[in-house]
Amino acid sequence: KYEKIWMFIGGGSLLAFLIVLGVGAFLQGTQPPSCLTTIDPTNVEAHESFKQENLGLQEMDDKSYVVNVVASAFNYDFGTDEDGAPVKNIRIPVGSKVLFQGTTKDVIHGFELAGTNANMMLEPGYINTVEVTLDNPGTYTLVCNEYCGTGHHFMTASVEVY
Ligand code: CUA
C-alpha cells in the first residue's frame, strides 16, 4: 500500500508542475513584454517622450542613451537638427546602451536596426521599446519590416556607431 502513496505524491507533483507551467504561459500571453504603455495615436505629443524637442537621441548617463521615435507613413521622426532639418542619421558612441522608444501616428510600422538585436513593431496606441548595447562600430540601416503602404520601402534611416 506504500506504492499507492508514492503514486499519489508523484501524480500530485506532476499536476502542480503543469499548473505552474500553464499559469506562467497564460500570464506571458496576456502581457506582451514590449507593449508597456498606451498612448493616444492622434496626439502623441501629449506624452513627454514624444514631444518634438524630445525626439531623437537623448543622453541619459555616460554611455546610456534613449532614442525616441514617432513613425508615420512613410517616415521615422527623430526630430530636427540645429539647422531645422529632419534627423535621418543618429550617431552613438561605441559601447553605448541604447533604449529605443517608439510609437506610430497611423498604422503598424516595423523598427529593425539591421545587424543588431533592435527589432520591434510600432503599434498605434502603444509605446514599444527595445534596449540594445551597440558594441560594434559601423553604420546600421533602420528599416520598416511591416508592410505599411506604397512608401514602405522608402521608410529608412540610419544609426552610426563610432
Ligand atoms: Cu512603415 Cu513599412
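Fair warning: this is a prediction, and the values are worked out from it, not measured in the lab. (Residues numbered from 1 in each chain as written. Predicted model: local features only at pLDDT ≥ 70, side-chain atom pairs only at ≥ 80, totals over all residues. Heavy atoms only, no water.)

Description of the sheet that holds strand 11 (residues 156-161)
Spatial strand order, 5-11-10-7-8: five strands in an open sheet with mixed pairing. Edge positions in the sheet fall to strand 5 (89-92) and strand 8 (119-122), since each of these pairs with one other strand and no more. For this sheet, the mean inter-axis angle between neighbouring strands, taken without regard to orientation, is 20 degrees. When strand 7 (residues 109-113) meets strand 8, the two strands line up antiparallel, connected through four bridges. (Pairing = 2+ DSSP bridges. Helix = DSSP H or I, 4+ residues; strand = E, 2+ residues; numbered from the N terminus. Axes fitted to C-alpha atoms, helices over the stretch in contact; angles between N-to-C directions.)

Description of the domain arrangement of the chain
In terms of domain boundaries, the chain breaks down into domain 1 (1-31) and domain 2 (36-161). Each of domain 1 and domain 2 has a C-alpha centre, and the two are 43 Å apart. (Domains from an automatic or database assignment.)

Some thoughts on the nonpolar core
In terms of nonpolar packing, the biggest core is built from 27 residues, with Tyr76, Phe78, Ile92, Phe100 and Phe111 touching the most fellow members. No other element matches the four residues that strand 3 (residues 64-72) contributes to this core. The residues touching Phe111, leaving out its near neighbours within four places in the chain, are Val69, Tyr76, Phe78, Phe100, Ala118, Asn119, Met120, Leu122, Leu142, Val143 and Asn145. The next biggest cluster of nonpolar side chains, apart from the first, holds six residues, and it includes Ile39, Phe50, Leu55 and Val70. (Core = buried A, V, L, I, M, F, W, Y, C linked by side-chain atoms within 4.5 Å. Buried < 20%, exposed > 50% of the residue type's maximum accessible area, 1.4 Å probe, protein only. Contact = heavy atoms within 4.5 Å.)

Section: the layout of surface pockets
By volume, the largest pocket amounts to about 180 Å³. Put simply, the parts of the chain that give the lining of the largest pocket at least two residues each are strand 2 (56-61) and strand 5. Here the element with the most residues in the lining of the largest pocket is strand 5; it accounts for three residues. Grouping the constituent residues of the lining of the largest pocket by class yields five nonpolar, five polar and four charged. (1 Å grid on protein atoms, 1.4 Å probe; cavity = no way out; pocket = protein on both sides within 12 Å on 5 of 7 lines; lining within 4 Å. Points joined across faces, edges and corners; volume = space filled by probe spheres on them. Nonpolar A, V, L, I, M, F, W, Y, C, P; charged D, E, K, R; others polar.)

So, the packing of aromatic side chains
Note on aromatic pairs: each is described by the distance of the centres and the angle between the planes. With the rule as written, the count across this model stands at three aromatic pairs. When the centroid spacing of 5.3 Å and the interplanar angle of 55 degrees are considered together, the rings of Phe100 and Phe111 count as tilted. Note that Phe100 is positioned in strand 6 (residues 96-104) and Phe111 in strand 7, a separation of eleven residues in sequence. Grouping residues by exposure puts Phe100 and Phe111 together as buried. A connected cluster of aromatic rings, assembled from ring pairs, spans Tyr76, Phe78, Phe100 and Phe111. Stacked on the ring of Tyr162, the Lys or Arg Arg91 has its end atom at 4.2 Å from the ring centre. (Phe/Tyr/Trp six-rings, centres within 6.5 Å; stacked < 30°, edge-to-face > 60°. Lys NZ or Arg CZ within 6 Å of the ring centre and 35° of its normal.)

Considering a nonpolar patch on the surface
Judged by side-chain polarity, Tyr2, Ile5, Trp6, Phe8 and Ile9 come together as a nonpolar surface patch covering roughly 680 Å² of accessible area. With respect to the helices and strands, Phe8 occurs in helix 1 (residues 2-30). (Patch = residues over 30% accessible without salt bridge, like charges linked within 9 Å, V, L, I, M, F, W, Y side chains within 5 Å. Areas by Shrake-Rupley, 256 points an atom, 1.4 Å probe, with all protein chains shown as cover. Salt bridge = Lys/Arg side-chain N within 4 Å of Asp/Glu carboxyl O.)

Here's the deal with unusual backbone geometry
That bond from Ala73 to Phe74 is cis: its omega, 0 degrees, falls within 30 degrees of zero. With respect to the helices, strands and loops of the structure, Phe74 is situated in the loop between strand 3 and strand 4 (75-77). Here Lys63, not a glycine, exhibits a phi torsion of approximately 60 degrees, which is positive. Mapped onto the elements of the fold, Lys63 is located in the loop between strand 2 and strand 3.

Topic: the environment of Gly102
With respect to the helices, strands and loops of the structure, Gly102 is situated in strand 6. It is 8.3 Å that separates the C-alpha atoms of Gly102 and Val67, two residues lying 35 residues apart in sequence. Residues contacting Gly102, with those up to four places away along its chain left out, are Phe50, Val69, Met120, Leu122, Tyr126, Ile127 and Asn128.

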